[in-house]
Amino acid sequence: MENNWTQGLGQRKLIEKIFLSAVFASTALALVPLVLVLGYIFIKGAPALNFNFFTQLPAPVNEPGGGMGNAIIGTFIIVALSCLVGLPIGIFGGIWLALYGQGKRGFIIRYAADVLSSIPSIVIGIFAYVLIVATMKRFSAMAGGFALGIIMIPTITRTTEELVKMVPRSLYEAGLALGIPKWKVSLKIVLRTAWAGIFTGIMLSVARIMGETAPLLFTAFNSMYWNFRIDEPMASMTVQIYNYAISPFADWNAKAWAGSLVLVMLVLGTTVFVKKFSQRVYYG
Amino acid sequence: MRLSRFKRITGDDWFSAITFSFAASIPLLLFLLICLLIIKSSLGFKTFGFGFIVSSSWDPLNDVYGALPFIYGTIISSLIALAIAVPLGLGCAIFLAEVTQSKVKEQVATMIDMLAAIPSVVYGLWGIFVLSPFLGGPSLLVGGVILSIMILPTITAISREVFQAVPHSLRESALALGATKWETFKLAVFGPALSGLVGAIILGLGRALGETMAVTMVIGNRANISPSLFAPAYTLASVIANEFAEATSEVNLSVLVELGLILLVITVIVNGAARFFVWKTTGHKA
Amino acid sequence: MFKKISVLLLGLSLLAGLASAAVINGAGATFPYPIYMKWNTVFAEQTGIKINYQGIGSGGGIRQFSAGITDFGGSDAPMTDKEIAKAGGDILHIPTVMGAVAVVYNLPGVRNLNLDADTLADIFLGKITNWQGVNSSLPNMPIKVCYRSDGSGTTSIFTGYLAKVSLDWASKVGAGKAVAWPTGIGGKGNSGVAGSVKNIEGAIGYVELSYAITNNLAAANLKNKAGVYTTPSLASTSAAASGALSAKAMKKLIAAGDFRLDLNNAPGENSYPIVGLTWLLVHKNQKDSGKGANLVAYLKWALTDGQKYPADLLYAPLPKDIASKVLEQVETIKI
């Protein structure tokens, strides 16, 4: 920067212009795929959406009609099962970490949660297969729910811990000063205060696992019937979309787009809505 | 005074014990997962040993297996993804963090988050019918490009956080000295942010390594190592997704679990390194 | 509140589940998937018994069935005696339909393609890499081979044929549910290969005939044992079946109750050279008598009333005398 002040200024401003153009251009370029993907989903998926799509079972190959009704319900059931696994461990685990987790035990547990969150979902699927499918000797919705529940745990734990910690100490101590036992203060006062944020974390987690496919491929497997038994294979939107997408039948391909449209609306709707109404922005 | 106080178990004790048992189940589950994977893959390990990692044959007919083509496919597709997503992602992050006058900043941030929310299988569907034909058919390149779209939000979001963690005073000093936006960035922001940016990039890499569905649907699913980016390839996650439910023998199943174990080790190490770098800069975890 | 709702839903679904009859789960070959799906729908309508069949490839079908995870399996690659023994010995192969493996290709404007055995082998061996190398009148386009990435009975039938007619193929690659393909890209299931060929210009692959027809894929005419170029069709499949089954060795196997028959490269002028049987794998001794009874009812229906549906989907129904022999074997299943 030891050059002539006025002479260098033009050059420096030019470089700044190039810099800013590059920044704007890369931002615009990054948004192009979003437009393309969402655009195609709407254009190709909307025509195939009708009442039958939501209420009927898959039709045999090349026969018109049929739908993804069982897959849509299946997704909700499997997600409910994962919440049964993921929420208690995540919420109560997070509470413990916030209140008692300052020492070595807390460190180990947090570290384990971090490692768990790095594991690809398909490897979690292998875990569920070996633990549940192979021992029960059948594919089941339970195994799928278990796998997705484990995927939920790290996020819910971290969210709960951070939010419980954010509750002002004064609130906690006021409760104790009134003679309320520690555990009642934690559950009724602290948790209730932190609940809005925790609920946000839960909804984001649910939105994420709704879109998971790989772990379900060999746990919940798939089904062409209405199934409510959790110890049997169950259809899910993601696996069904996958099967329809790689098939050569145009009718099924159209249903894959339609299914994607429904799934994307569910997932995006939840994510965007939840993020707008929360104070913090969550990453991953 | 309750002299029996030491014998009574209070509600608080129950509370901390119960919540502890939930919390402790996390490392227990992790331990169980690793143990089961090791046990299930031991047959494959006993049969092929460490040579498994450098062998390139994949022949279910004769039960001869090697991991190298999948390691190759995984790494190269991830590198392609980084090559595309890092410049774009950093550019977006700079836009969101440093360009202060834009009114559409939050909308752009929301749109980038939307990219992250789209499920992998939907990207795969789009890949099969739009991206793959555009790029000349299923190949390593298509796999890399689709991965880049998927890891872009991660890189953008973390980099944005990293930039925002750089103290404003540094920027203000540069601006006070008459620096342009570029110079401010180069001198006051980039340096302090660098290790965090490295973390963001490595985190993106970690995500790319484990991505399964979208890649499986466009990469061609062929276990070979070819210098051409337009040749079909195979990744660790893809072969597990394709072949796990259909493994034809005990050895086959065992080597697939072994591949899962290799994938686990790689992603855990990569993610661990990433978190370290991000933590150094921002003071909190990614 | 969310937790309360999900627990309520779960409770309801458990109740509903307990009330509903168990579904019979099977998985395996994608070769017969279209006809099985049709059968399952019609059978469920007529009897209320639900058969859930997923196409995951013959390899997976055998594996899941042997591991006891599915109630029955589907495969176009029969299990060897060794495999049967390893899986407990208690397995029956019930043939259901016969189908042709069509060699499909994607060459715009070319509706008629004649391929003899050696050319076919050379293409899949990677020796011929451009369509012009096959025939100079064809467009100048690289050949993109598509094969099955999963353990497949269709692969077993196709490579079985190639190994029979090409010494080169037999020595370099061999036959089986999964082989080390010298070139090409992998697709999952018959669907995957059909989809690949449909979407990639210059592609060539092998799929069961109904996948070719329902997707408007052009199928090559193959030179059969008698030297005639035949198109895959219902007629040429049935001709191949009768040609193959007339052999003495075949008759011996059928008489002994072993239905693991190889119909490739059959004699006869009208025979299409790549034809295979597909089987349902069931246990001779059914552990669950309720499910077992339903499964046996399904098998009996498939071998009698069910045999009027395959032709529409271009599968050849079993010849009547074979069907009755198979029914005899079904009767021996202990519920």
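Residues numbered from 1 in each chain as written. Chains lettered and ligands numbered in written order. Predicted model: local features only at pLDDT ≥ 70, side-chain atom pairs only at ≥ 80, totals over all residues. Heavy atoms only, no water.

Draft legend 1. Looking closely at the overall build of chain C. Scanning chain C for helices and strands turns up 14 helices and 13 strands. Taking 335 residues into account, the globule formula puts the C-alpha radius of gyration at 20 Å, and chain C, at 21 Å, falls close to it. Seen along its three principal axes, the alpha-carbon backbone of chain C occupies a region of about 65 × 60 × 35 Å. Per-residue burial over chain C gives 59% buried out of 335 residues. When contacts within chain C are restricted to residue pairs at least 6 apart in sequence, long-range pairs at least 24 apart make up 75% of them. If you average the places of the 30 positive and of the 22 negative side-chain charges in chain C, the two averages end up 5 Å apart. (Helix = DSSP H or I, 4+ residues; strand = E, 2+ residues; numbered from the N terminus. Rg over C-alpha atoms; globule rule 2.2 N^0.38 Å. Buried < 20%, exposed > 50% of the residue type's maximum accessible area, 1.4 Å probe, protein only. Contact = heavy atoms within 4.5 Å. Lys, Arg positive; Asp, Glu negative; His and termini not counted. Charge placed at Lys NZ, Arg CZ, Asp CG, Glu CD.)

Draft legend 2. Expanded view of the overall build of chain A. Across its full length, chain A carries 11 helices and zero strands. Listed N to C, the secondary structure of chain A is α-α-α-α-α-α-α-α-α-α-α in terms of helices and strands. In summary, chain A has a C-alpha radius of gyration of 24 Å against a globular reference of 19 Å for 284 residues, an excess of more than 25%. Seen along its three principal axes, the alpha-carbon backbone of chain A occupies a region of about 75 × 70 × 35 Å. Of all 284 residues assigned to chain A, the portion counted as buried reaches 59%. Here the analysis covers contacts within chain A between residues at least 6 apart in sequence; of these, 72% occur between residues at least 24 apart. Per element, the accessible surface of chain A, about 11500 Å² overall, is 67% carbon and sulfur. (Areas by Shrake-Rupley, 256 points an atom, 1.4 Å probe, with all protein chains shown as cover.)

Draft legend 3. Looking closely at the nonpolar core. By size, the foremost hydrophobic cluster in this structure holds 306 residues, and its most contacted members are A:Phe218, B:Leu259, C:Leu115, C:Phe124, C:Trp131, C:Phe158 and C:Ile204. Counting residues domain by domain, this core receives three or more from each of domain 1 (4-48) and domain 2 (53-281) of chain A. Within the second largest apolar cluster, six residues are counted, among which are C:Ile62, C:Ile84, C:Ile91 and C:Leu281. (Core = buried A, V, L, I, M, F, W, Y, C linked by side-chain atoms within 4.5 Å. Domains from an automatic or database assignment.)

Draft legend 4. Focus on the packing of aromatic side chains. For the structure shown, the criterion picks out 47 aromatic pairs over all chains. Measuring from ring centre to ring centre gives 6.4 Å for B:Trp182 and B:Phe185, while their planes differ by 35°; the resulting arrangement is tilted. Here B:Trp182 pairs with B:Phe185, and both are found in helix 7 (residues 181-210), just three residues apart, close to one helical turn. By way of ring pairs, the aromatic residues A:Tyr244, A:Trp252, C:Tyr33, C:Tyr36, C:Trp39, C:Phe43, C:Tyr53, C:Phe72, C:Tyr298, C:Trp301 and C:Tyr309 are connected into one cluster. (Phe/Tyr/Trp six-rings, centres within 6.5 Å; stacked < 30°, edge-to-face > 60°.)

Draft legend 5. Here's a closer look at a nonpolar patch on the surface. Side chains of A:Leu29, A:Val32, A:Leu36 and A:Tyr40 sit close together on the surface and give an oily, nonpolar patch of about 330 Å² of accessible area. Here A:Tyr40 is to be found in helix 1 (residues 5-45). (Patch = residues over 30% accessible without salt bridge, like charges linked within 9 Å, V, L, I, M, F, W, Y side chains within 5 Å. Salt bridge = Lys/Arg side-chain N within 4 Å of Asp/Glu carboxyl O.)

Draft legend 6. Examining the interface of chain B and chain A more closely. Taken together, the 81 residues of chain B in the interface contact 82 residues of chain A. Around 7200 Å² of area is buried between chain B and chain A when both sides are counted, 82% of it from carbon and sulfur atoms. Interface area lost by chain B to chain A is led by B:Phe15, B:Ile26 and B:Trp126, which between them contribute 9%. For the pair chain B and chain A, the number of links is one salt bridge. (Buried area = accessible area lost by both parts, 1.4 Å probe.)

Draft legend 7. Region of interest: the domain arrangement of chain A. Residues and elements named next belong to chain A. Per the domain assignment, the segments making up chain A are domain 1 (4-48) and domain 2 (53-281). Taking the mean C-alpha position of each, domain 1 and domain 2 sit 35 Å from one another. With both sides pooled, the region where domain 1 packs onto domain 2 buries about 700 Å², and carbon together with sulfur makes up 87% of that total. Its largest share of buried area at the contact with domain 2, domain 1 owes to Ile41, Lys44 and Ala48, together 59% of the area lost on that side. Across the domain 1-domain 2 interface, the total number found is zero salt bridges. Inspection of the domain 1/domain 2 interface yields zero residue pairs in polar contact (both at pLDDT 80 or more). Partitioning the side of domain 1 that touches domain 2 into residue classes produces six nonpolar, one polar and one charged. (Polar contact = N/O pair within 3.5 Å; in protein donor to acceptor, adjacent residues only side chain to side chain. Nonpolar A, V, L, I, M, F, W, Y, C, P; charged D, E, K, R; others polar.)

Draft legend 8. Local environment of the confidence of the model for chain C. In this model, chain C carries an average pLDDT of 88, and 94% of its residues clear a pLDDT of 70 or more. For this predicted complex, the interface confidence reaches an ipTM of 0.88, while the overall pTM sits at 0.86. (pLDDT = per-residue confidence, 0-100.)

Draft legend 9. Local environment of the packing of helix 10 (residues 237-245) of chain A against helix 4 (residues 120-134) of chain B. Across the interface, helix 10 of chain A lies against helix 4 of chain B with an axial gap of 10 Å and an inter-helix angle of 10°. With respect to helix 4 of chain B, the axis of helix 10 of chain A lies roughly parallel. Contact with helix 10 of chain A, carried on its side by A:Thr238, A:Ile241, A:Tyr242 and A:Ala245, involves B:Val121, B:Leu125, B:Ile128 and B:Phe129 of helix 4 of chain B and no other residues of that element. Considering only residue class, the contact of helix 10 of chain A with helix 4 of chain B consists of seven nonpolar, one polar and no charged. (Axes fitted to C-alpha atoms, helices over the stretch in contact; angles between N-to-C directions. Parallel < 35°, antiparallel > 145°, perpendicular 65-115°, else oblique.)

Draft legend 10. Structural detail: the confidence of the model for chain A. Of the residues in chain A, 95% have a pLDDT of 70 or more, and the chain-wide mean is 88. Taken together, the stretch residues 280-284 of chain A has pLDDT below 50 and engages in 13 contacts with residues farther than four places along the chain or on a different chain.

Draft legend 11. Looking closely at the sheet that holds strand 5 (residues 114-115) of chain C. Residues and elements named next belong to chain C. Taken in spatial order, the three strands line up as 5-10-11 in an open sheet, and their pairing is mixed. The outermost strands of the open sheet, each flanked by one partner alone, are strand 5 and strand 11 (229-230). Two strands pair when backbone bridges link them, and strand 10 (residues 221-223) and strand 11 are joined in this way by two bridges, in the antiparallel orientation. Across the sheet, Leu222 pairs through a bridge with Thr230, a residue of strand 11. (Pairing = 2+ DSSP bridges.)

Draft legend 12. Inspection of the packing of helix 2 (residues 33-47) of chain C against helix 13 (residues 289-303) of chain C at higher detail. Residue and element names in this part refer to chain C. Interhelical geometry of helix 2 versus helix 13 gives an angle of 115° and a closest axis separation of 11 Å. Classed by the angle they form, the pair helix 2 and helix 13 counts as roughly perpendicular. Considering the relative orientation of helix 2 and helix 13, their crossing is right-handed. For the pair helix 2 and helix 13, contact is made by Tyr36, Trp39, Asn40, Val42, Phe43 and Gln46 and by Ala297, Tyr298, Trp301 and Ala302, respectively. (Left-handed = near helix turned anticlockwise from the far one by under 90°.)

Draft legend 13. Region of interest: the interface of chain C and chain A. With 41 residues of chain C at the interface, the matching set in chain A holds 38 residues. Scanning the region where chain C abuts chain A turns up zero salt bridges. Contributing elements (two or more residues each) for the side of chain C that touches chain A: helix 1 (2-19), strand 1 (24-28), helix 2, strand 2 (51-55), helix 9 (189-199) and helix 10 (209-214) of chain C. Partitioned by chemical class, the residues of the side of chain C that touches chain A number 19 nonpolar, 16 polar and six charged.

Draft legend 14. Inspection of the pattern of salt bridges at higher detail. All names here are of chain A. A complete count under the given rule lists 24 salt bridges over all chains for this structure. For the salt bridge of Glu173 with Arg169, the shortest nitrogen-to-oxygen distance reads 3.3 Å. Linking Glu173 with Arg169, this pair stays in helix 7 (residues 169-177), spanning four residues, or about one helical turn. For the salt bridge of Glu212 with Arg208, the shortest nitrogen-to-oxygen distance reads 3.4 Å. Taking relative accessible area as the criterion, Glu212 reaches 12% and is therefore assigned buried. In this structure, a network of salt bridges that share partners links the residues Arg138, Arg229, Asp231 and Glu232.

Draft legend 15. Highlighting the pairing of strand 4 (residues 91-105) of chain C. Residues and elements named next belong to chain C. In terms of burial, strand 4 is largely enclosed, as 15 of its 15 residues are buried. Pairing geometry for strand 4 and strand 12 (residues 275-283), over nine bridges, is antiparallel. Looking across to strand 12, one finds that Ile91 is bridged to His283. Strand direction decides the pairing type here: strand 4 and strand 13 (residues 316-317), joined by two bridges, are antiparallel. For Met98, the partnering residue across the bridge sits in strand 13 and is Ala316. Where strand 4 and strand 8 (residues 203-208) come together, five bridges link them in antiparallel fashion. From the neighbouring strand, Val103 faces strand 8, where its bridge partner is Tyr206. Pairing geometry for strand 4 and strand 9 (residues 218-219), over two bridges, is antiparallel. Of the residues in strand 9, the one forming a bridge with Tyr105 is Ala218.

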